Amino acid sequence: MAVLIPAWNEHAVIGASIDRLMRLEYPRDSLRIFVVDDASTDATPDVIQAKAAQYPGNVFHLRREKGGEGKAATLNHGLGIILADDWMQAVLIMDADVIYEPSSLRMMSRHLADPVVGAVMAYIKEGSTPGNYLTRFIGYEYITAQAAARRGQDVLGVIACLAGGAQLHSRENIEAVGGRIDTSTLAEDTVTTFRTQRAGRKVVFEPHATVWAEEPGSVVGLWKQRLRWARGNVHVTRMFRGVWFRHQGNNRLGSISFGLLWFCVLLLPVFMILASASLVTLFFVDNRLAFVAFHILWLTAVITYIFITSFALLIDPETGRRTWFQAALFPGVVNVVILATAILPGVLSWLGHRMLTAAGVQLTTGWVHGLELFTYIWLAACMGVAYLGKVAESHRFTRVLSPALVYVGGYGPLLCAITTAAYIQEFRGADRHWDKTEKSGKVAAHA
Amino acid sequence: MSPPYPDAPPEAPSFEAEIETATRYEKGLVLKALLAIALVAVALLIRFYG
């Protein structure tokens, strides 16, 4: 088992990650850790060399003198060296900050006993200690996006993306996808995942193999990371345009279910804007019909919200105990109030009426229509408010407002705003440079 | 009972026990999904009959 870790200025995290790898429940003489130091300018080389001396024959320092070409190029440097030696039968590709639970690697590697399986991914959990409101949002998001969605994809027999922080490949698989990682995209993990499945091998999610990662604790950091992911997904959609909704014999990437799943996520901001625009148009054409359409839309949203939130919290109760508040407010405070109105229209209109009367406001038809119009517009405007959370955080005097804006606009709408920004950047053909996410060692507590 | 990995210490769980625990958890998700569906049903009952 070769473990490949790309590292650029990771001195705060790399030592703890290597120590943890050396404590894995895995035969030590079958484990070699290769850290590809991408021309780091901090103490990373010293830390790696100290670990190589501490674990002789297990830890290797691979230095690139010219760096900055992105994660894929760094990985390819390591893969070239590892593949040149026939010792390696499987390679675990991980991020420098990721902390592995002792049982994780052996749980993942078992799947490779089946020659049809080409790659396995673990369940990545957000593990920043101390965390903040944003890392708790991400913690909950990862239950839905990984523990729930990847399980579902496993059942469908197709996985959208191997997580970059914890992906295990058989040697045959890495060689079948060309022995290297694609460098033309910002979503190299997704490209590898697609190529693995197109080559006729299965990709498996192992939900019981848990690893911990440090995710961004600021909206600006999150925006940078997710913009890279979202732009990568837009690019992958174009790159594999011959795949969608076209049946292929040896994989399920072209299945209707996977196509729907992929495009529902990718096009969610478009659906939100179209729904909002349609309701506003309908409001001016036929006010009553707009109200009926709005009600049906939000009742559907309530069913989805209650099911997803409650099931996600039940899937991973340990994370759920830390993140239930963010789970409840994932769509944003205003959207949650609208969801509640869809379920309890009588109670909330009575309450609203009482509050407005107490404030001395006379509830007229104009007020009611104004409120209706606001809720129709909010469907798209919430993305703008969540975006303001990023803008506010960028300025010293408004930084304090940022969490409130994210809570009001919603974390989900914030992700949609990022996807919208990705559309725009890809449409403009903006430069695809690798913008690394800063890590500070906040997951070392799990080591 | 086979060990969970080669050269595992004697106190390590057996492969069979580990798989059984994981399988039990996965089967338990069916009940959790039913619970989540029941919550949806309660919400709809409140909406239309509450």
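Residues numbered from 1 in each chain as written. Chains lettered and ligands numbered in written order. Predicted model: local features only at pLDDT ≥ 70, side-chain atom pairs only at ≥ 80, totals over all residues.

## What to know about the overall build of chain B
Stage number 1. For chain B, the helix and strand inventory stands at 1 helix and 0 strands.
Stage number 2. Taking 10 Å as the expected radius of gyration for a compact globule of 50 residues, we find that chain B reaches 20 Å, considerably beyond that expectation.
Stage number 3. C-alpha extents for chain B along the principal axes are approximately 60 × 15 × 10 Å.
Stage number 4. Taken over 50 residues, chain B has a buried fraction of 4%. (Helix = DSSP H or I, 4+ residues; strand = E, 2+ residues; numbered from the N terminus. Rg over C-alpha atoms; globule rule 2.2 N^0.38 Å. Buried ≥ 20, exposed ≤ 12 C-beta atoms within 10 Å, placed from the backbone.)

## Observations regarding the confidence of the model for chain A
Stage number 1. Here chain A shows a mean pLDDT of 93. Residues at 70 or above account for 98%.
Stage number 2. Highest mean pLDDT in chain A belongs to helix α16 (residues 402–409) of chain A (98); lowest belongs to helix α14 (residues 345–358) of chain A (79). (pLDDT = per-residue confidence, 0-100.)

## Comments concerning the packing of helix α8 (residues 219–239) of chain A against helix α17 (residues 411–428) of chain A
Two measures define how a pair of helices packs: the angle their axes make with one another and the distance between the axes.
Residues and elements named next belong to chain A.
Stage number 1. Packing of α8 against α17 brings their axes to within 8 Å, and their N-to-C directions diverge by 55°. Viewed along their axes, α8 and α17 adopt a mutual orientation that is oblique. When the axes of α8 and α17 are compared, the crossing they make is right-handed. Of the residues in α17, those touching α8 at Trp 223, Arg 226, Leu 227, Ala 230, Arg 231, Val 234 and His 235 are Leu 415, Ile 418, Thr 419, Ala 421, Ala 422, Tyr 423, Gln 425 and Glu 426.
Stage number 2. A per-class count over the contact of α8 with α17 returns 9 nonpolar, 3 polar and 3 charged. (Axes fitted to C-alpha atoms, helices over the stretch in contact; angles between N-to-C directions. Parallel < 35°, antiparallel > 145°, perpendicular 65-115°, else oblique. Left-handed = near helix turned anticlockwise from the far one by under 90°. Contact = placed C-beta atoms within 7 Å. Nonpolar A, V, L, I, M, F, W, Y, C, P; charged D, E, K, R; others polar.)

## With respect to unusual backbone geometry
Residue and element names in this part refer to chain A.
Stage number 1. The omega torsion of the bond from Thr 129 to Pro 130 falls at 0°, within 30 degrees of zero and hence cis.
Stage number 2. The residue Pro 130 is located in the loop between β6 (117–126) and α5 (133–156) in this model.
Stage number 3. For Ala 39, which is not glycine, the phi dihedral falls at a positive 55°.
Stage number 4. Here Ala 39 shows up in the loop between β2 (32–38) and α2 (44–54).
Stage number 5. A positive phi angle is found at Phe 245, which is not glycine, with a value near 55°.

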